[in-house]
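Listed below, chain by chain, are the residues.
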Amino acid sequence: MVRFENVGLRYGMGPEVLKDINFSIEPRSFQYLTGPSGAGKTTLMRLILMALKPTRGLVNLFGQDVSRLDAPTLTAFRRRMGVVFQDFRLLDHLTVYENVALPLRVLGKEEASYRAEVVELLRWVGLGERMHAVPAVLSGGEKQRAAIARALIGRPELLLADEPTGNVDPGLGRRLLRLFMELQQLGTAVIIATHDLNLMDIYDAPRLVLADGHLHVDA
Amino acid sequence: MPETAEYEPEPAREKPLPVNLRRDQPLVPVDTVAGRALMAVIAILTFLAALSAGAAVLAARASEQWRGAVSDEMTIQIRPDSHRGIEEDVARAVAMAQALDGIESVRAVPKAESDKLLEPWLGTGLDLVELPVPRLIVLKLRPGATPDIARFGPALRKEVPTAILDDHRLWVRRLSAMASTIIFSGFVVVLLVLTAAALAVAFATRGAMAGSRESVEVLHFVGADDDFIAREFQSRFIRLGLRGGAAGGVAAIVAIAFLGFLASFWSTAPEAEQLQALFGAFEIGWAGYAAVLLVAIVVAAIAGLVSRITVRHYLKMLA
Ligand SMILES: Nc1ncnc2c1ncn2[C@@H]1O[C@H](COP(=O)(O)OP(=O)(O)OP(=O)(O)O)[C@@H](O)[C@H]1O
Ligand SMILES: [Mg+2]
């Protein structure tokens, strides 16, 4: 589903942030992506999202080399992925409900056809009372849950979550982790970037560890 | 943060769904200040374009009226000559004119009447009987008839050397040229204004895109294609264009109607005839109002189209 071969990346003229990265993600798998701050976790996710082009090496997504994708395929691939950004990236002028419904709205779906689904998911992540609020008035944890709900609503085949539990209390963190595991059971491949060791101890899964630009897998 | 109780999964069907969740917000943030400024610019440009379109229609209608009024008439002028009897010359010219094919009526303007025409220049109280004043004969043409002027002119001169035939053709030509110039200028002004509107919209769109770069990126990540994003921007600018165009168009119609009212108000004054002669009844008619409306619609369409092209260009650049 995702395969990296000898991928290297540098920002501009800077040093290589990622060097000789080799790994692959299987469908319906669950793994953590970990490493110290600044190790390149977010950068790696941006590579998978096709928001960055590798400086060298090969990125293969859903069986295709991403260096020669046309625009419609790129859009189609992004629709098969859900992403929780470390900085949430909610649209400030939209309500929580509108933000979460966004992946369905951009598909051109009628609002009535997804309203119940969105409301249910919002209640599930504990935002049932806050769905009319705009992101500016939300707490960090509420924004995080809104961002997670937005990533899940389209039932993606691949979920990328960048520090999804960074702003919530341990109880909610565990609950969100359960949510991701449930998602994996339903058939989604999940990658969770985190440096929260406690979280990784709750549920044991392979760890992709980034250090000094290199990646190794702790099974 | 809401109370911890909310963390537990809720039975989803318990509460009824809120009816109106979506506020129908555009997906790209609306910068109201820039939006309003652009709308004002579009309104002003539409106003100017609509006025010049109205002026062009006015000129076209007026020139039609002139041509209609002037070209179904010819005049013969008899100059006074101390060696000839002017009344006899008039009578002979009238007789010849009556014999001409395609003439409906011939009327020699009586001396008293032509004297009256001179009054504004010479004042009353002057006895014009003594003055050598030329006499006019008005020939009304049968509609659609084309009398053989090329033959009649020289024949008339031979019989009555003091006669000058004026078929107004020079006049008509000059008036037509003038009217065409006005119409053409109006057209050029409309084109220029539309271009300015297009440029204004292009710049505004660029500004809006640059301002919502973050949103555009997020939209891409959640699976929006360029078409979708372009539509979002386009619909917003079409709305701005429609509102600005409507405001400008309505203002132009009000201005034209007001000028028409002023013109009809003046028509009770002595200058009215001259004004009427120049502008017709100062009525642009349905064609004029349709032209104004068309301009407003075209402005709105241009706003939508240009914003779409600009957005697509910008999105290509991002990719
Ligand atoms: N846009 C950018 N331009 C230049 N350098 C960048 C850019 N984004 C990230 N970097 C650099 O790349 C390195 C990896 O950054 P990245 O955000 O991927 O780390 P991370 O593992 O996600 O860290 P954290 O755990 O703090 O989120 C850092 O040294 C960072 O300074
Ligand atoms: Mg990061």
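This structure is a prediction, so every number in the text was calculated from the model and none was measured. (Residues numbered from 1 in each chain as written. Chains lettered and ligands numbered in written order. Predicted model: local features only at pLDDT ≥ 70, side-chain atom pairs only at ≥ 80, totals over all residues. Heavy atoms only, no water.)

Residues and numbers for the overall build of chain A, please.
The number of helices and strands found in chain A is seven helices and 10 strands. Taken over C-alpha atoms, the radius of gyration comes to 17 Å for chain A, in line with the 17 Å a tight globule of 219 residues would show. Over its C-alpha atoms, taken along the principal directions, chain A stretches across nearly 45 × 40 × 35 Å. Taking all 219 residues of chain A together, the buried fraction comes to 57%. A separation threshold of at least 6 residues defines the contact pool for chain A, and within that pool the share at least 24 residues apart is 69%. (Helix = DSSP H or I, 4+ residues; strand = E, 2+ residues; numbered from the N terminus. Rg over C-alpha atoms; globule rule 2.2 N^0.38 Å. Buried < 20%, exposed > 50% of the residue type's maximum accessible area, 1.4 Å probe, protein only. Contact = heavy atoms within 4.5 Å.)

Tell me about the sheet that holds strand E2 (residues 103–108) of chain B, residues and numbers included.
Residue and element names in this part refer to chain B. Spatially, four strands are ordered E2-E3-E1-E4 in an open sheet, and the strand pairing comes out antiparallel. At either end of the open sheet lies a strand with only one pairing partner, and these are E2 and strand E4 (163–166). Averaged over all pairs of adjacent strands, the angle between their axes in this sheet comes to 20°, without regard to strand direction. Packing of helix H2 (residues 86–99) onto the sheet brings it into contact with strand E1 (73–78), E2 and strand E3 (135–141), and relative to E3 it is tilted by some 10°. (Pairing = 2+ DSSP bridges. Axes fitted to C-alpha atoms, helices over the stretch in contact; angles between N-to-C directions.)

Describe unusual backbone geometry, naming the residues involved and giving the relevant values.
Residues and elements named next belong to chain A. A positive phi angle, near 50°, is found at Asn6, a position not held by glycine. For Asn6, the location among the structural elements is in strand E1 (residues 2–10). On the basis of relative accessibility, which here comes to 41%, the residue Asn6 falls in the partly exposed class. Even without being a glycine, Asp212 presents a positive backbone phi close to 55°. Structurally, the position occupied by Asp212 is in the loop between strand E9 (207–211) and strand E10 (214–218).

Could you give an account of the side chain of A:Glu16, naming the residues involved and the relevant values?
Residues and elements named next belong to chain A. Position of Glu16 among the secondary structure elements: in strand E2 (residues 16–25). A polar side-chain atom of Glu16 sits 2.8 Å from a polar atom in the side chain of Arg56. Leaving out residues up to four positions away in the same chain, Glu16 has contacts with Gly8, Leu9, Arg10 and Arg56. (Polar contact = N/O pair within 3.5 Å; in protein donor to acceptor, adjacent residues only side chain to side chain.)

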